[in-house]
Every structure is written in structure tokens, then in C-alpha cells.
6 protein chains.
Amino acid sequence: MIYVTRREHFNAAHKLYNESWSPEKNETVFGKCANPNWHGHNYELFVTVKGSVNPQTGFVVNLKDLSALIRTEICDKLDHKNLNLDVDFMQGVMTSTENVAIVIFNKLAPKIKELGTNLHAIKLCETENNCVEYFGE
Amino acid sequence: MIYVTRREHFNAAHKLYNESWSPEKNETVFGKCANPNWHGHNYELFVTVKGSVNPQTGFVVNLKDLSALIRTEICDKLDHKNLNLDVDFMQGVMTSTENVAIVIFNKLAPKIKELGTNLHAIKLCETENNCVEYFGE
Amino acid sequence: MIYVTRREHFNAAHKLYNESWSPEKNETVFGKCANPNWHGHNYELFVTVKGSVNPQTGFVVNLKDLSALIRTEICDKLDHKNLNLDVDFMQGVMTSTENVAIVIFNKLAPKIKELGTNLHAIKLCETENNCVEYFGE
Amino acid sequence: MIYVTRREHFNAAHKLYNESWSPEKNETVFGKCANPNWHGHNYELFVTVKGSVNPQTGFVVNLKDLSALIRTEICDKLDHKNLNLDVDFMQGVMTSTENVAIVIFNKLAPKIKELGTNLHAIKLCETENNCVEYFGE
Amino acid sequence: MIYVTRREHFNAAHKLYNESWSPEKNETVFGKCANPNWHGHNYELFVTVKGSVNPQTGFVVNLKDLSALIRTEICDKLDHKNLNLDVDFMQGVMTSTENVAIVIFNKLAPKIKELGTNLHAIKLCETENNCVEYFGE
Amino acid sequence: MIYVTRREHFNAAHKLYNESWSPEKNETVFGKCANPNWHGHNYELFVTVKGSVNPQTGFVVNLKDLSALIRTEICDKLDHKNLNLDVDFMQGVMTSTENVAIVIFNKLAPKIKELGTNLHAIKLCETENNCVEYFGE
């Protein structure tokens, strides 16, 4: 069993805002992140799969295929987008780094299975100071 | 003469959109950057001053003062903001990295003079692949 | 269960020196790190908490609170300090990266519990080549 | 139990090519990596050991010794080499990042035991986008 | 006048070897870099153009166009290649970082002029420790 | 004319303290940097030479020689040292990043001339946020 990690990127706008709260409470809890006019980030996405090495290729998975999958399923839909407004599979989701990572995990896991390997972890960094990691349970 | 550079950050939303053009032309020229719902970046800002070394302190400028100035004048006004909507001194400016760097230079130069030194350059990176540098002329 | 990591910094002086050994033995074991006049590092501290996501906020923990806690409890006491001389909770501790990480873990764990989540790991890097990670047991 | 990671480097040439396949199939599977004239990388190698802290030194392992071991056993034999042609213990191995990491693990594990501690993981990055991690089983 | 820098990458094999010298002299001068079986690097390429800002776009140059040009003219021809064997415009050139940077400058300068701006500098890093910068004269 | 930059490192302790001032004034001006018990940094040193390319080698300077020179003249004398106490050529110098860069420039310039090339700039970073650059005049 070996773990392979591919890094991809997307640049997106978002805000943290709970519509069931008053503006004041949003401001108190989320601070600057609640700015109604949005802010944004250069997100770094690390997708880790685990599996055994195919003796013919030396690969757990062909990274060309994994990278293409991440781009098609995730980055093309999130890059240069507004995470709150533009992404169908994030409707109604509070776009915290935690929730974006979980949504990405759940979206990629079955697709990575079709590539013949298993998704192990999603690590998502909003800035170089703030990262989350999700293992699917 | 020695050059001192301080790095600061701000995370902001923006779009590249020329209101005098059709949506199609904006899409052609600016691509994904023209998304009407905005996207965003973690901006890295490098402020370089030049001057001679004060023999009492060993400093060209006290970086505590320079950092505080950059935060007050620039980062507090740009961080977690929408560059197109929220920043009074960017009204009517196309928020390309080039223009944001020029605006920051022009805003900081007189304030840095009040600190007793001279602004040499503003370097602004929108991503780790795209940076601009402006020397004031 | 999801893992959230916050990065903070502190710059400190220290030396590695076992007072019960001769200077020669200290030199043999610790090399340049035993310099009696100290040396120093820019330490990078990664604090990882684990928990479930609060559906109201999308957060495991509010990073404003976690960051403030790390600064109050750790960075304010270690930054621009001498780890061997200035830090009450490191008295008598050999200030290896291993031991500094363990001390930080033990100091932060109960405080992070008060924030309503659980400390998972402390990762501490002395240089970009040397890091340790401690999980509390 | 605490984990200590040392980073080392080597710069090497290699290609991904399965000699039992046609050139066309190699091209299809490995793409540019199958270039018969080789390509190369700056590899980053992270060696993680785990153990308890020696109370006399504060160390799990003396990083001078661990670094010297990694250089002698691995980097001196891989740095500025052709991984397919020049490395006796990689003969007949497809030089994917996965396989290089496994070979390094198996070579270092017994030697690190002689240093009095245990190899926990080998992480090997071929580029800043592609890394693998192997824990020995 | 403002300066815009685009970063691109290529991974390549090469060796430093002067065919008019003995193997011993090559070994003495170039050390490990003279390995006849090649070694390789992840090269980082920074292309800086200078110009004035187009008031319609806010751009010195459209980075989509600049990036596409660098990829077509340089990266597609160098990436996953052997710099000594595979690159027609490097035939007979000692593939030091200095010379590769100069060749890239001379190849890109006229093409960037066709984009309507001017090449200012090529910065090329062979490793994070070794970089060269060339301004065309 | 081409510019070649070599990066080296040293980890050192220091403090900023003007002995002709009161402790209170030192504290006011230098803040935490005036801690009498020292603090420290991982310094990054970038040495840039300029010259023409030797057609036999493709080099401005052999980086093995430049690196060895920087280590002998600078890093061996500063690494794991106290910049205020341990370095003969820094006696009486306020150890600001500015002054350390100037001292390094003046020490390296004549030695680099002996290597047959010219020192262009010293860039010294105390942290990833604070750098200075000195060109010798």
C-alpha cells in the first residue's frame, strides 16, 4: 500500500455568511469573512489516493488520468468561480474550508474508484496558514 | 544606499471587466477572469524602500513602522474586500495586477516619505505564477 | 471527523547543552548546536485540531479563536525569546525540537479542549529540513 | 512516541519505459515521461523516523547521524545520476516515484534500526505537484 | 513602465561536458554534473516583460497570450527532454543554466515583440539554490 | 553580462541593542528584538555575481567554487553563532539585517574578484517577510 498525492489549484471568491442570522451575528462570528461583497483565495488542493503498485507501470494510478479527473470534476467547476453562487454541488453549503473539502471528497471518491484506486484524503489550503484535511469519515 | 523589502498579504475578490465592452468581448479578452460573480486571490505584496542606514539603529526604516503603515493604508482597506466594489481609491480602475500595484505605489509613496525614507518598488503577486513590479515611473 | 491546521511562527534563540556533561561531550554530541553563546531559528508551528463540523458555521473551530489562543499561550511567550532562559514552562527542558513540540502539545491540549475541540498534533519545524510531529502519546 | 522528519535532495535523470511494450504503448501510457533520451527532476526526499525521546539529548535520533546516513546510503548514489542506468539497487525497477520511494524505504529501514530508531515513512516528491508516501507495508 | 513576470516550468535531463576535454578534465571542472549518463532538474522559468499599461485592459500583455507563447516556443520543446540531445536550438551549446537562459531570451525576445511588448529579463532556476538572470546584453 | 545567484543559509542568534541608550529606549525602538537574552533566525543569503559566460564551461563562475567561498568566508563564521558576540568582523556593528548584508558584501567582494568575477548584490532575508538587498554603494 502506497499513497500518491497530486496538487492542483483553483482561485475563487466566497463569503462566510449564515442567512438565518442577523448581519451583526455574522460579523461577530465570521469577522471580515462575512463581507457581503465577497473576498477570495488561491486554493491549493491535495488529492491523496492509496493503492498497490501496478508492476507493469510502477504506478498506483496514472497521474495524467488523476490530474485530468480532478480538473474536470473539481477545478473546472471551482476555478475563477464564486463558491457560493456558481457551483451547483455547493448550493446551500456554508463555504468554509472544511465544507469545501468534504464536498470535494464526496464528489471525487466514486470517480477515483472508476480509475481503479481509492481516494484516501483531501487536503485543502485556503492560505498558507489555514488548511483542512478530510479522510471521508 | 540599501534596499529593504517588507512582505504583507491580503485576500480579495475581483473581476476583470470593461463595462464599455459587450459581455462577449469581455469573455474573449479576459476569459475566466471576467466571471460576473467574481473570483479571488491571496495577494502577496512586497514593498521595497531604499535609503541609507541610520547608524544609531542600523535601520533604513523601522520595519514595525513600515509594516504598520502598509497595513493601515493598504491591507486594512483591501483584505477580505472586493477590489472593484469596496475600495474608494480603486473606483473606476480596472483591477488588473498592474493597476492595483500602481495604485498601491501612488498611495504609499508620500506616506513612506513621511517615515523618512523612499519607496523604491511595489511588487504584487496575484498567484505564484503571476507578479508585477512597479518603480513609480 | 475533519482535521484543521493553523500555522504560526516564532523566532527564538536556544542551545543544546546537557549541563551534566563536559563541554567536550556536548560538543561531540550536539556539534555547533552546543555553542554557549546561543544560535537561533525561525520556528514554524503547525497546530492540528480534529472534530466534527458545526453545521451553523461550517467550522470545527473558529480559526480566529484558535490563532488567538496559540499566540497568547505559545507565541507571545516564545517569540523573540531565549528558549533556555526566558520561558517558565521550559525550565530544565533540553530545548530540542522534539521537546519543544511536546511542551507545546501539553500546554495547548487542555486550552483547546476549552475551545470545544481536540488537539490532534503539533508539528514544529526548526528549519525547512528538520521537523518533528507529536500526537500526544 | 514522536516523529522526526529530515529533508534531503537529489537531482537525477530517468525515464518511464516498459521494455516489454512497444514504443507506441510506452508513449500512450507514459506520455512525455517515456522520452528515450531521458528527462529529470529535483527530487525532495523526506525521511520520517519514530521513537521515544532520549532524556539525555532530547533527541529521537541525532539528525547529524540520520542526515549522514541518508546521504551515504541514498543521495550519494542517486544525486546527479541516471536512476535507470547508474544505481545498482534499482536495476530492473520501473523508476516511478512510487518504486523509488519503496526502494529507498527498504534500503534505509535496516540502517536506521542500527542508529537505534525506526523508519516510519518515506515521502518522495518528483515535483511540487507529485508526491508519494510509503510506510513499509 | 511596469514589469510583469510569468512563471513556467520544465523538467529536463542534461549534462555539463566539454567534448574537447578529457573525461578527467570534465570530471575536475564539472564534478557530478559531468556524469555521462545524464542527470536532471525541475527548471523554473520566469519571463519578465516591460511596457505601459493598456487603459482598456489594465494589462501590459495578456498573460494568457504570454503563457501560451512561452509554452509553445520553450516549454513544449524543453519539457521532459534532454537539453543536450533533443533541442534543435541548443545544438552545440554547453547546457549550463547561463547558456540555457541566454538561448531562451534570444528565442523569446522577437516573439514577445510580436505580442506588442518587450522582453525585459529571463530568470532561470535549476534548483532553489542556483538561479541566473539575463537582460539581453 | 549575466547574473548568477547562489543561495546559502545560516542560523544565528542576535539582538538589536544600542548600548548608548537606556533599556527603555532600546525597548521603545527595537521592541522584542531588544530582548537581552537574544533571539534568532534562519537567515537566507543570496549572493549574486555578474560577468560574462566562459565559452569553455558555459559558466560565469563555477558554483562549486562560489558556494565553497561563501561557506568558508561567511557561513562557517555565522552559522550557529551569536552575531553580536562570536563574529570578529561584526564587533561593534548593530546586527540589523541591513548591516549584516553590508558586512557580508564587503567581506565577499574582494574574494569573489579573486575567483575572476564580480559581486553584484547581497540579498539577506531574516524571515520570509523581511529582506534587504545591497549593491555595494
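Here the structure is shown first, and the text comes after it.
A brief structural summary. Everything numeric here is computed off the predicted structure, so don't read it as measured data.

**So, the overall build of chain A**
Helix and strand counts for chain A stand at three helices and five strands. When burial is assessed residue by residue, chain A has 61% of its 137 residues classed as buried. The long-range fraction of contacts in chain A, counting pairs at least 24 apart against all pairs at least 6 apart in sequence, stands at 68%. Of the roughly 5,500 Å² of accessible surface on chain A, 49% is carried by carbon and sulfur atoms. Here chain A holds 14 positive side-chain charges and 17 negative ones, and the gap between their average locations is 5 Å.

**Side note on the relation of the copies chain B and chain A**
Of the two same-sequence chains, chain B is brought onto chain A (RMSD 0.0 Å, axial shift 0.0 Å) by a rotation of 180°. Classification of the inter-copy transformation places it as that of a two-fold axis.

**Describing the interface of chain B and chain A**
Tallying the contact residues gives 24 residues for chain B and 24 residues for chain A. Across the chain B to chain A interface the summed buried area is about 1,700 Å²; carbon plus sulfur atoms make up 43%. Together, Asn37, Asn42 and His80 of chain B form the three largest contributors to the area buried by chain B at its contact with chain A, with a combined 32%. Run the count over chain B and chain A and you get four salt bridges. Those elements giving two or more residues to the side of chain B that touches chain A turn out to be strand 1 (2-14), strand 2 (39-51), strand 3 (81-82) and strand 4 (118-127) of chain B. A class-by-class count of the residues in the side of chain B that touches chain A yields five nonpolar, eleven polar and eight charged.

**Some remarks on helix 2 (residues 63-78) of chain A**
Residues and elements named next belong to chain A. The principal kink in helix 2, of about 45°, is found at Arg71. For helix 2, the complete set of buried residues consists of Leu66, Ser67, Leu69, Ile70, Glu73, Ile74, Cys75 and Leu78. Tucked inside the fold, the buried residues of helix 2 contact strand 1 (2-14), strand 2 (39-51), strand 3 (81-82) and helix 3 (97-114). Backbone geometry just after helix 2 places His80 at a positive phi near 60°.

**Examining the environment of Val87 of chain E**
Within the secondary structure layout, Val87 of chain E lies in the loop between strand 3 (81-82) and helix 3 (97-114). Beyond its immediate sequence surroundings of up to four residues, Val87 of chain E is in contact with Lys77, Leu78 and Asn82 of chain E.

**A few points about the state of the cysteines**
Residue and element names in this part refer to chain A. Inspection of the entire model under this criterion finds six disulfides over all chains. Residue pairing for Cys125: its cysteine sulfur links by disulfide to Cys131, the two sulfurs lying 2.0 Å apart. Residues Cys125 and Cys131 are joined through a disulfide that is right-handed, its torsion about the S-S bond being 105°. The exposure class assigned to Cys125 is buried, which follows from its relative accessible area of 7%.

**Observations regarding the packing of aromatic side chains**
On inspection of all chains with the given rule, the structure shows 30 aromatic pairs over all chains. Between Phe30 of chain E and Phe59 of chain F the ring centres are 5.5 Å apart and the planes differ by 80°, which places this aromatic pair in the edge-to-face class. A residue pair is termed interchain when its members come from two chains, as with Phe30 of chain E in helix 1 (residues 23-30) and Phe59 of chain F in the loop between strand 2 (39-51) and helix 2 (63-78). On the basis of relative accessibility, which here comes to 3%, the residue Phe30 of chain E falls in the buried class. When the centroid spacing of 5.2 Å and the interplanar angle of 80° are considered together, the rings of Phe105 of chain E and Tyr134 of chain E count as edge-to-face. Of this pair, Phe105 of chain E sits in helix 3 while Tyr134 of chain E sits in strand 5 (residues 130-134); the two residues are 29 residues apart in sequence, bridging distant segments of the chain. The same class applies to Phe105 of chain E and to Tyr134 of chain E, which are both buried. A connected cluster of aromatic rings, assembled from ring pairs, spans Trp21 and Phe30 of chain A together with Phe59 of chain C.

**Some details on the packing of helix 2 of chain F against helix 3 (residues 97-114) of chain F**
Residue and element names in this part refer to chain F. Following both chains from N to C, one finds helix 2 and helix 3 inclined at 140°, their axes separated by 11 Å at the closest point. Between helix 2 and helix 3, the angle falls in the class oblique. Handedness of the crossing formed by helix 2 with helix 3: right-handed. Across the interface between the two elements, Leu66, Leu69, Ile70, Glu73, Ile74, Lys77 and Leu78 from helix 2 touch Val100, Ile104, Lys107, Leu108, Lys111 and Ile112 from helix 3. Partitioning the contact of helix 2 with helix 3 into residue classes produces nine nonpolar, no polar and four charged.

**Remarks on the interface of chain E and chain D**
Counting residues at the interface gives 24 residues for chain E, matched by 24 residues for chain D. When chain E packs against chain D, the two sides together hide about 1,700 Å² of surface, and 44% of this comes from carbon and sulfur. Counting the surface chain E buries against chain D, the share from its top three residues, Asn37, Asn42 and His80 of chain E, is 32%. Connecting chain E to chain D are four salt bridges. Note that Arg7 of chain D and Glu128 of chain E form a salt bridge whose closest N and O atoms lie 3.5 Å from each other. Where the side of chain E that touches chain D is concerned, the elements lending two or more residues are strand 1 (2-14), strand 2 (39-51) and strand 3 of chain E. Counted by class, the side of chain E that touches chain D contains five nonpolar, eleven polar and eight charged residues.

**Brief notes about the relation of the copies chain E and chain D**
Overlaying chain E on chain D yields an RMSD of 0.0 Å, the required transformation being a rotation through 180° with an accompanying axial translation of 0.0 Å. Residue by residue, 100% of the interface of chain E is reproduced at the interface of chain D, so both copies engage with the same surface.

**Description of the environment of Asn118 of chain C**
All names here are of chain C. Position of Asn118 relative to the elements: it lies in strand 4 (residues 118-127). When its relative accessible area of 33% is taken as the criterion, Asn118 is described as partly exposed. Separated by 68 residues in the primary sequence, Asn118 and Lys50 place their C-alpha atoms 5.6 Å from one another. Once residues lying within four places of it in the same chain are set aside, the contact partners of Asn118 are Thr48, Val49, Lys50, Ile112 and Lys113.

**Observations regarding the pairing of strand 2 (residues 39-51) of chain C**
Residues and elements named next belong to chain C. With eleven of its 13 residues buried, strand 2 lies for the most part within the structure. Relative to strand 2, strand 1 (residues 2-14) runs antiparallel, the two being bridged by 13 bridges. For Glu8, the partnering residue across the bridge sits in strand 2 and is Leu45. Judged from the seven bridges that link them, strand 2 and strand 4 form a sheet pairing that is antiparallel.

**Considering the side chain of Thr117 of chain A**
Residue and element names in this part refer to chain A. Counting through the fold element by element, Thr117 comes out in the loop between helix 3 and strand 4 (118-127). Here the side chain of Thr117 touches Lys50 through a polar contact of 3.0 Å, landing on its backbone oxygen. Not counting residues up to four positions away in its chain, the partners in contact with Thr117 are Val49, Lys50, Gly51, Val60, Val61 and Ile112.

**What about the side chain of Glu98 of chain B?**
By secondary structure assignment, the location of Glu98 of chain B is in helix 3 (residues 97-114). Buried and unpaired, Glu98 of chain B has no salt bridge, with Arg6 of chain E as the nearest side chain of opposite charge at 11 Å. Once residues lying within four places of it in the same chain are set aside, the contact partners of Glu98 of chain B are Val132 of chain B together with Ile2, Val4, Val53, Gly58, Phe59, Val60 and Val61 of chain E.

**Here we look at the environment of Lys111 of chain A**
Residues and elements named next belong to chain A. On the secondary structure map, Lys111 appears in helix 3. By relative accessible area, Lys111 is classed as partly exposed at 29%. Counting along the chain gives 42 residues from Lys111 to Leu69, while the straight-line C-alpha distance between them is 7.8 Å. The contacts of Lys111, once residues within four sequence positions are left out, are Leu69 and Glu73.

**Concerning the arrangement of the chains**
A gap remains between chain A and chain E, with no contact made and the closest C-alpha atoms lying 14 Å from each other. Spatially, chain D is disjoint from chain F: no contact exists, and the shortest C-alpha separation is 14 Å.

**Some remarks on helix 1 of chain E**
Looking at helix 1 of chain E, one finds that the buried residues are Asn26, Val29 and Phe30 of chain E. All buried residues of helix 1 of chain E fall inside an arc of 75° around its axis, so they share one side. In helix 1 of chain E, the exposed positions angled more than 90 degrees off the buried face are occupied by Glu24, Glu27 and Thr28 of chain E. Where helix 1 of chain E is buried, its residues meet helix 2 of chain F. Gly31 of chain E, located one to two residues past helix 1 of chain E, shows a positive phi value of around 60°.

About the criteria used
- For every chain, the first residue of the written sequence is number 1, and numbering continues from 1 along that sequence.
- Chain letters start at A and ligand numbers start at 1, both assigned in the order the entries are written.
- Local features in this predicted model are restricted to residues of pLDDT 70 or higher, and side-chain atom pairs are both shown and tallied only at a pLDDT of 80 or more, whereas totals for entire chains, interfaces and linings draw on every residue.
- Hydrogens and water molecules were not included; the side-chain quantities draw on all heavy atoms of the structure.
- Going along the chain from the N terminus, every DSSP run of H or I of four or more residues is numbered as a helix, and every run of E of two or more is numbered as a strand.
- Type-normalised accessible area, obtained with a 1.4 Å probe on protein chains alone, sets the label of each residue: buried when under 20%, exposed when over 50%, and partly exposed for intermediate values.
- Between two residues, a contact is recorded if the distance between any of their heavy atoms is within 4.5 Å.
- Note on areas: Shrake-Rupley, 1.4 Å probe, and residue coverage restricted to the protein chains presented here.
- We count Lys and Arg on the positive side and Asp and Glu on the negative side, and we leave His and both chain ends out.
- One atom stands in for each charge, and that atom is NZ of Lys, CZ of Arg, CG of Asp or CD of Glu.
- We place the copies in one frame by least squares, fitting the C-alpha atoms of every residue whose pLDDT is at least 70 in both.
- Once two parts are brought into contact, the accessible area they lose, counted with a 1.4 Å probe and summed over both, makes up the buried area.
- For this document, the term salt bridge refers to a Lys or Arg side-chain nitrogen within 4 Å of an Asp or Glu carboxyl oxygen.
- Lys, Arg, Asp and Glu make up the charged group, whereas Ala, Val, Leu, Ile, Met, Phe, Trp, Tyr, Cys and Pro make up the nonpolar group; the residues left over, Gly among them, are polar.
- Each residue is assigned a bend, namely the angle between axes fitted to the seven residues that terminate at it and the seven residues that start at it.
- Note on disulfides: each one is a pair of cysteine sulfur atoms within 2.5 Å.
- The aromatic pairing rule takes the rings of Phe, Tyr and Trp, using the six-membered ring of Trp, and pairs them if the centres are within 6.5 Å, calling planes under 30 degrees apart stacked, those over 60 edge-to-face and the rest tilted.
- Every angle, taken between N-to-C directions, lies between 0 and 180 degrees, and every axis is a line fitted to C-alpha atoms, over only the stretch in contact when it is a helix.
- By definition in this entry, angles of less than 35 degrees are roughly parallel, angles greater than 145 are roughly antiparallel, angles of 65 to 115 are roughly perpendicular, and the rest are oblique.
- With the far helix as reference, a near helix turned anticlockwise by less than a right angle produces a left-handed crossing, and one turned clockwise produces a right-handed crossing.
- For two strands to be treated as a pair, DSSP must find at least two bridges joining them.
- A 3.5 Å cut-off defines polar contacts: any pair of N or O atoms within that distance qualifies, except that in protein one atom must be a possible hydrogen donor and the other a possible acceptor, and neighbouring residues in sequence count only when both atoms are side-chain atoms.
- The directions from the helix axis to the C-beta atoms form the arc being described.

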